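Residue strings, one per chain:
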There are 2 protein chains.
Amino acid sequence: MGKDEVKVLGMWASPFCMRVKIALAEKGVTYEEILENDLFGEKSALLLKSNPVHKQVPVLLHGDKPVVESTNIITYIDEVWPSPPLLPACAYERSRARFWADFIDRKVFSAGRGIWMANGEEQVESSKTEFLDILIYLDGTLGDKDYFTGDTFGLVDILLIGVTSWFCVFEKYGNFKVADHYPKLGAWMERCYARQSVLDAQIDSNNLFDLVSMIRQTNGLQ
Amino acid sequence: MGKDEVKVLGMWASPFCMRVKIALAEKGVTYEEILENDLFGEKSALLLKSNPVHKQVPVLLHGDKPVVESTNIITYIDEVWPSPPLLPACAYERSRARFWADFIDRKVFSAGRGIWMANGEEQVESSKTEFLDILIYLDGTLGDKDYFTGDTFGLVDILLIGVTSWFCVFEKYGNFKVADHYPKLGAWMERCYARQSVLDAQIDSNNLFDLVSMIRQTNGLQ
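For clarity, every value in this text was computed on a predicted model and none was experimentally measured. (Residues numbered from 1 in each chain as written. Chains lettered and ligands numbered in written order. Predicted model: local features only at pLDDT ≥ 70, side-chain atom pairs only at ≥ 80, totals over all residues. Heavy atoms only, no water.)

Peer 1: Any chance you could explain the nonpolar core here in plain terms?
Peer 2: Considering soluble globular proteins, one finds that nonpolar side chains tend to be buried as a cluster. In this structure, Phe131(A) and Phe131(B) are the most contacted members of the largest nonpolar core, which totals 153 residues. Not counting chain neighbours up to four residues away, the residues in contact with Phe131(A) comprise Val108(A), Ala111(A), Gly112(A), Ile115(A), Phe167(A), Phe170(A), Phe176(A) and Val178(A). (Core = buried A, V, L, I, M, F, W, Y, C linked by side-chain atoms within 4.5 Å. Buried < 20%, exposed > 50% of the residue type's maximum accessible area, 1.4 Å probe, protein only. Contact = heavy atoms within 4.5 Å.)

Structure, rendered in structure tokens:
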């Protein structure tokens with residue numbers, strides 16, 4: 001493999017892989033995508049060798065060097081291919097971006113999982129409340145800006161827009177619309193989805209519904 | 001408050017505050033420490049204003065600007081006061097350091113808490129196994145190096161050495177010694193504790209034992 005070749009080990013349904021694809025597209029980096037079979041299949045030898053601790057996609061292979069964990073991968077991409085920058089130039093603004101990056105990583109996807117893996121109406125409602133309470137903070141910090149760190153699309157936008165690929169699932173099982181509760185977040189999503197990098201990386205919602213339905217059945221949920 | 005004045009909102013028992021104090025000492029930055037009353041007291045107005053989302057110490061106040069979350073604070077410190085650097089110069093090595101930083105933040109302290117908050121011998125043993133299984137990875141990546149990223153004390157060392165301030169508690173309640181299982185980690189701890197920055201920031205173990213005993217009682221554990 002060439003020293004500067006870029007490959008991404010991915011999985012079609014992963015919001016974390018979607019993030020990496022968006023970041024590479026924003027930087028104009030060409031790469032080869034290698035898809036793992038599916039959520040339940042055996043993990044490939046290349047994945048196990050590249051990410052022996054977590055054994056998860058996404059993995060970025062830069063030459064023969066593996067970089068893992070989506071937020072870490074995007075930070076690496078931003079350092080190796082600096083233009084256009086995904087983080088603000090000012091150290092304080094960068095610390096704010098990293099704060100929200102961490103907030104999103106710890107909370108949004110796992111809270112959404114509580115909705116679609118709920119067992120019964122009561123669990124759905126409490127998970128939905130928890131999820132919407134998390135989004136209050138993101139709606140607040142976005143405010144009237146076009147993107148999370150100001151005028152330009154950056155790290156925080158990429159991290160959250162990746163996770164929004166699963167919002168259709170959260171909304172279906174929770175019977176709500178994020179945009180009805182948070183119109184500013186709704187407009188921000190539309191703005192992001194107007195970008196070619198996001199459009200090209202998006203995940204098919206019908207396939208997600210089928211996948212989620214199968215996961216629920218496997219776990220004995222109706 | 002002066003534009004460049006540095007203050008740290010801290011709490012004496014916090015391994016995360018200890019990290020920030022070590023980083024500032026390594027950089028030779030003078031600061032004022034403002035201690036929150038205790039774990040159970042009311043949080044100060046300054047803390048609530050500075051960290052409205054998580055409402056937790058540590059907070060670094062740089063002039064009137066708050067930076068929160070210890071790993072994020074140390075990254076900020078490294079960017080604002082670049083010498084001596086706490087992260088490697090090479091982007092790939094930096095991505096490795098950030099990977100282990102995240103691994104430590106997600107796993108080590110919470111696994112240790114499982115030991116000292118255990119209810120009964122069986123829980124102690126399973127928590128201890130989980131904790132030691134996490135350290136296998138850290139011992140492996142440290143290997144025969146002096147510090148986690150090579151010859152110089154850096155971000156990963158600071159993050160882990162902060163958490164080792166609580167190892168005395170984990171060891172007491174789990175009836176084991178980390179250094180017996182992982183001599184390389186044991187030698188690394190001694191190496192770190194020979195540094196003035198670490199010595200000056202260390203947490204009194206007898207006070208920790210009293211605190212933990214009180215927390216267990218409050219939670220109905222003997």
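On we go from here.
Peer 1: I tried to follow the sheet that holds strand S1 (residues 6–10) of chain B on my own but got confused; where do I start?
Peer 2: Each strand in a sheet pairs with its neighbour through backbone hydrogen bonds, running either in the same direction (parallel) or in the opposite one (antiparallel). Residues and elements named next belong to chain B. A sheet is described by the order of its strands in space; here four strands give the open sequence S2-S1-S3-S4, paired in mixed fashion. Strands at the two margins of the open sheet, each flanked by one partner only, are strand S2 (32–35) and strand S4 (65–68). Between one strand axis and the next, the sheet turns by 25 degrees as a mean value, whatever way the strands run. One ladder, built from four bridges, connects S1 with strand S3 (residues 59–62); its direction is antiparallel. The residue of S3 that forms the bridge with Leu9 is Val59. Its contacts with the sheet put helix H1 (residues 15–27) on S1, S2 and S3, and the angle it makes with S1 is roughly 160 degrees. (Pairing = 2+ DSSP bridges. Helix = DSSP H or I, 4+ residues; strand = E, 2+ residues; numbered from the N terminus. Axes fitted to C-alpha atoms, helices over the stretch in contact; angles between N-to-C directions.)

Peer 1: What's the story with the packing of aromatic side chains in this structure? I'm lost.
Peer 2: In this description, an aromatic ring pair is defined by two values, namely the gap between the centres and the angle between the planes. Per the counting criterion, the structure on display carries 26 aromatic pairs over all chains. Aromatic side chains Phe103(A) and Tyr137(A) sit 5.8 Å apart centroid to centroid with 70 degrees between the ring planes, which places their arrangement in the edge-to-face category. Highlighted residues: Phe103(A) in helix H4 (residues 91–116) and Tyr137(A) in helix H5 (residues 121–142), separated in sequence by 34 residues. Residue classification places Phe103(A) among the buried positions, given a relative accessible area of 1%. Exposure remark for Tyr137(A): the relative accessible area of 31% places this residue in the partly exposed category. Members of the aromatic cluster, connected to one another through ring pairs, are Phe16(A), Phe109(A), Trp116(A), Phe131(A), Trp166(A), Phe167(A), Phe170(A) and Phe176(A). Directly above the ring of Tyr92(B) sits Lys65(A), whose terminal nitrogen or CZ lies 5.6 Å from the centroid. (Phe/Tyr/Trp six-rings, centres within 6.5 Å; stacked < 30°, edge-to-face > 60°. Lys NZ or Arg CZ within 6 Å of the ring centre and 35° of its normal.)

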